[in-house]
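# Descriptive structure summary
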Amino acid sequence: APAAWAAWSLSKHLVGYIWMYSPSFVVRTLANILGASAFLAGGFSHWYWCSFVAWWVNNTAVAIRHRRRHDDAEAAGRLWEVPEWELGLRCLWDTVRAMVLSLPWNALCIPTEILVNFILPRELKVMRLSMPVPELGEKVDYGVAVYTAPAQSQHYRGAPQFFECCTLHVDDTASEDGAVALQRAWNTTGEAWRAYRELDAKGLVANIVCFFPNLGGSEMAKEVQIACWQSSADAAALHARRRRRSEARRDAGGRPEVPVVAGLASGRGVAMQLRPLCEVKHQDRCTVCHRLIESSRAGARAPGKCR
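Note that this is a predicted model, so its numbers are computed, not measured. (Residues numbered from 1 in each chain as written. Predicted model: local features only at pLDDT ≥ 70, side-chain atom pairs only at ≥ 80, totals over all residues. Heavy atoms only, no water.)

### A few points about the pattern of salt bridges
A side chain with one charge may pair with a side chain of the opposite charge, provided their charged atoms come close. This model, assessed by the stated rule, comprises five salt bridges. Note that Glu81 and Arg78 form a salt bridge whose closest N and O atoms lie 3.4 Å from each other. The exposure class of Glu81 is partly exposed, given its relative accessible area of 45%. Of the charged contacts in the structure, one is a salt bridge between Glu294 and Lys281, with a shortest N-O distance of 3.8 Å. Here Lys281 lies in the loop between β5 (269-274) and β6 (283-285) and Glu294 lies in strand β7 (residues 292-294), a separation of 13 residues in the sequence. For Lys281, a relative accessible area of 44% puts it in the partly exposed group. (Salt bridge = Lys/Arg side-chain N within 4 Å of Asp/Glu carboxyl O. Buried < 20%, exposed > 50% of the residue type's maximum accessible area, 1.4 Å probe, protein only. Helix = DSSP H or I, 4+ residues; strand = E, 2+ residues; numbered from the N terminus.)

Written as structure tokens, this is what we have:
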């Protein structure tokens, strides 16, 4: 009885899918389910791996054919003619490929990352990308972004009302002067993060640092920092505490703290303080499904979970 009920339920769903999508799509889906089930049941023993290779090659050939047709439709401005289920299936297939190929990549890179970080000085760190990133073209500059936020920022009720934006350009990073300026910028960023932690940066919502090592393939590096505060008074209070600590270090014969952006005195950096002209509508990510959520009214903080 359970087997008959399962067969009837599967047949009903297949008939519905044939009506909504296409017969070929349903047949391929059923074949993929049976092929994956056979592989999971037998593994790589008794030549089961041959069926897995054939399953993978067949799906790859079908995906290449559909992708070529989708690319031609996009180039001709007729992407809207492609059925939505085909685009969704292509996204699913790309996700499966990325997940499968990431397994040997992580197996190779994780030990290498641990070994290299063990050898490097503590000021340096090597990181790996666990998943591939989109190919956006040669004109797009890739960089590294670091997001930090104090634990108390999760309890703020209102949206941030004050922003500090700092930019820094370092020319000729291959030269000795450029390398020294770049290292000084990194040290400055690290000291700023330590100051946020040690001086209890009350009112700090988040701090984001974006670093681009090569702009347009040239030997120019760029760093952008954005700090979001609950109010300008909170930012001024932290900077006042940093100045007092810097003066105390100077009086004690130690090294004073450097400014937020290294290179301001040499003209390499620019710092700006920004205030919104109207109420900010806060956006955040759901802590459960990571979907983008937005506050229902301006000036309020977005909810932590989707409703």
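### Quick word on the packing of helix α5 (residues 176-198) against helix α6 (residues 232-251)
At a minimum axis distance of 11 Å, the contact between α5 and α6 shows a crossing angle of 105 degrees. Put simply, α5 runs roughly perpendicular to α6. Counting all contacts with α5, which are made through Ala192, Ala195, Tyr196 and Glu198, the residues of α6 involved are Leu238, Arg242 and Arg245. Here the residues of the contact of α5 with α6 sort into four nonpolar, no polar and three charged. (Axes fitted to C-alpha atoms, helices over the stretch in contact; angles between N-to-C directions. Parallel < 35°, antiparallel > 145°, perpendicular 65-115°, else oblique. Contact = heavy atoms within 4.5 Å. Nonpolar A, V, L, I, M, F, W, Y, C, P; charged D, E, K, R; others polar.)

### Some points on the sheet that holds strand β1 (residues 144-148)
Strand order in the open sheet formed by five strands is β1-β3-β4-β2-β5, with antiparallel pairing between adjacent strands. Both edges of this open sheet fall to β1 and β5, since each of them pairs with a single strand only. Each adjacent strand pair in this sheet contributes to an overall mean axis angle of 10 degrees, direction not counted. Two elements, strand β3 (residues 204-212) and strand β4 (residues 221-229), share eight bridges in a ladder whose sense is antiparallel. In the strand pairing of β4, Phe211 is matched with Glu223. In the packing of α6 onto the sheet, the strands contacted are β2 (162-170) and β4, and the crossing angle to β2 comes to about 55 degrees. (Pairing = 2+ DSSP bridges.)

### Some details on the confidence of the model for the protein
Within the protein, residue pLDDT values average 78, and 87% of them lie at 70 or more. Across residues 261-267, where pLDDT falls below 50, the model places 15 contacts with residues more than four positions away in sequence or in other chains. (pLDDT = per-residue confidence, 0-100.)

### Structural notes on the packing of helix α3 (residues 48-75) against helix α4 (residues 84-119)
The relative placement of two packed helices is expressed as an angle between their axes plus a distance between the axes. Where α3 contacts α4, the axes come no closer than 11 Å and their chain directions differ by 130 degrees. With respect to each other, α3 and α4 are oriented oblique. Once α3 is placed against α4, the crossing between them reads as left-handed. Each of Trp56, Asn59, Thr60, Ala63, His66, Arg67, Arg69, His70 and Asp71 in α3 lies in contact with α4, whose residues at this interface are Glu86, Leu87, Arg90, Trp93, Asp94, Arg97 and Val100. For the contact of α3 with α4, the per-class residue count stands at five nonpolar, four polar and seven charged. (Left-handed = near helix turned anticlockwise from the far one by under 90°.)

### Overview of the nonpolar core
With ten residues, the main nonpolar core is built from Phe162, Ala195, Tyr196, Leu199, Ala201, Leu204, Ala227, Trp229, Ala235 and Leu238. Elements supplying a minimum of two residues to this core: α5, β4 and α6. (Core = buried A, V, L, I, M, F, W, Y, C linked by side-chain atoms within 4.5 Å.)

### Some thoughts on the state of the cysteines
Within the structure shown, the criterion is met by zero disulfides. Between Cys228, a cysteine without a disulfide, and Cys165, which holds the nearest cysteine sulfur, the sulfur-to-sulfur distance is 10.0 Å. Cys228 sits in the buried class, given a relative accessible area of 13%. (Disulfide = S-S within 2.5 Å.)

### Quick word on helix α2 (residues 23-42)
The end-to-end C-alpha distance of α2 is 29 Å, a good match for the 28 Å that 20 residues give at a rise of 1.5 Å each. Every buried residue of α2 is listed here: Phe25, Val26, Phe39 and Gly42. (Expected span 1.5 Å × (residues − 1).)

### Details of the side chain of Glu113
With respect to the helices, strands and loops of the structure, Glu113 is situated in helix α4. Assessed through its relative accessible area of 18%, Glu113 is described here as buried. The residues contacting Glu113, other than those within four sequence positions of it, are Val126, Met127 and Arg128.

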